[in-house]
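Observations on chain architecture
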Amino acid sequence: MTRKTLIAALLLAALPGAAAAEGFNWNATLASDYLYRGIDQNDDQPALQLGAGYGFENGLYVGAWASNVDFGDGSTDAEIDTFVGWAGDLSDTTSLDVQVVRYNYLNEPNGTDYAYNELISKLGFAENYTFTFGYTNDYFNADVDSYYYNLGGSWDFAEHYTFNAGAGVTVIDQGPLENFIDFSVGVSRAFGPATVALSYVGTDSEGEDNFGPDLSEDKFLLTVGFSG
């Protein structure tokens, strides 16, 4: 894969499906943009994101998630992720969510295949914190191992508000791209059936070196989400 093709493929990332509650569940989000691990996926345009899943009594779940995208290739216009996983409590203070995600893309350019798989584990602990670990042996279909580490937290304040913060690092075993850090800080609040969140999202200088200033610039992200 050439450097140009690899960099284009690296822009194709997805939001892993959330663990499903028992029975059928769904979610819908209107977002001012689609950012994944600090990188713009939709050319500074609004995104509509829809998800659905089914959770079983034993903790297993299956589901799918989709968003419109714009990678600047003149063709690819949607991402559809499918996932299967297990989620449950390990103790009174810790929980575990392990899933395999398949990232799929619609209307890819001729001769291009962006699809790949990732194993993602999320450990919740100390009430407010989540540690996420992701691994793929086929980084964006480039036949390269990659690891993702993220530590995030959320804290309620002022009765109705939640402060959210997190930082992650993408480690790439080989190839022309450098390891890079992403971060986000924000506030969310529920208004009836809707949850509104405003976040500030960005990457370090290595992220800018990899993807360019337009795709990796720090920016505010506004989302309005619904679930049931």
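What counts, and at which threshold
- Residues numbered from 1 in each chain as written.
- Predicted model: local features only at pLDDT ≥ 70, side-chain atom pairs only at ≥ 80, totals over all residues.
- Heavy atoms only, no water.
- Pairing = 2+ DSSP bridges.
- Helix = DSSP H or I, 4+ residues; strand = E, 2+ residues; numbered from the N terminus.
- Buried < 20%, exposed > 50% of the residue type's maximum accessible area, 1.4 Å probe, protein only.
- Polar contact = N/O pair within 3.5 Å; in protein donor to acceptor, adjacent residues only side chain to side chain.
- Contact = heavy atoms within 4.5 Å.
- Salt bridge = Lys/Arg side-chain N within 4 Å of Asp/Glu carboxyl O.
- Phe/Tyr/Trp six-rings, centres within 6.5 Å; stacked < 30°, edge-to-face > 60°.
- Core = buried A, V, L, I, M, F, W, Y, C linked by side-chain atoms within 4.5 Å.

Now for the pairing of strand E11 (residues 161-172). Sheet topology note: the strand E10 (residues 146-157)/E11 ladder contains 12 bridges and is antiparallel. Within E11, the residue paired with Gly-152 across the bridge is Gly-166. Between E10 and E11, which pair antiparallel one after the other, the connecting turn spans 3 residues, and Ala-158 there sits at a positive phi close to 50°. Direction of pairing for E11 relative to strand E12 (residues 180-191): antiparallel, over a ladder of 10 bridges. The residue bridging Thr-170 from the neighbouring strand is Phe-180, located in E12.

Residue placement: Asn-42 occurs in the loop between strand E3 (39-40) and strand E4 (47-55). For Asn-42, a relative accessible area of 3% translates into the label buried. In this structure the side chain of Asn-42 is engaged in a polar contact, spanning 2.9 Å, whose partner is the backbone oxygen of Pro-46. When near neighbours in sequence (up to four residues on either side) are disregarded, Asn-42 contacts Asp-33, Tyr-34, Ala-47, Asn-68, Val-69 and Asp-70.

Under the definition given, this model contains 4 salt bridges. The residue Asp-33 makes a salt bridge to Lys-219 at a minimum N-O spacing of 3.2 Å. One end of the pair, Asp-33, is in the loop between strand E1 (23-31) and strand E2 (35-36); the other, Lys-219, is in strand E14 (residues 219-227), and 186 residues separate them in sequence. Residue classification places Lys-219 among the buried residues on the basis of a relative accessible area of 12%.

Take the packing of aromatic side chains next. The tally for this structure, following the rule as stated, stands at 17 aromatic pairs. Relative to Trp-155, the ring of Tyr-129 lies with its centre 5.6 Å away and its plane at 80°, an arrangement referred to as edge-to-face. Of this pair, Tyr-129 sits in strand E9 (residues 129-136) while Trp-155 sits in strand E10; the two residues are 26 residues apart in sequence, bridging distant segments of the chain. Grouped by ring-pair contacts, the aromatic residues Phe-125, Tyr-129, Trp-155 and Phe-163 constitute a single cluster.

All right, on to the nonpolar core then. Residues Tyr-34, Tyr-103, Tyr-105 and Tyr-139 are the most contacted members of the largest nonpolar core, which totals 23 residues. Contributing elements (two or more residues each) for this core: strand E5 (60-68), strand E7 (95-106) and strand E8 (116-125). For this core, the leading source of residues is E7, giving 3 residues.

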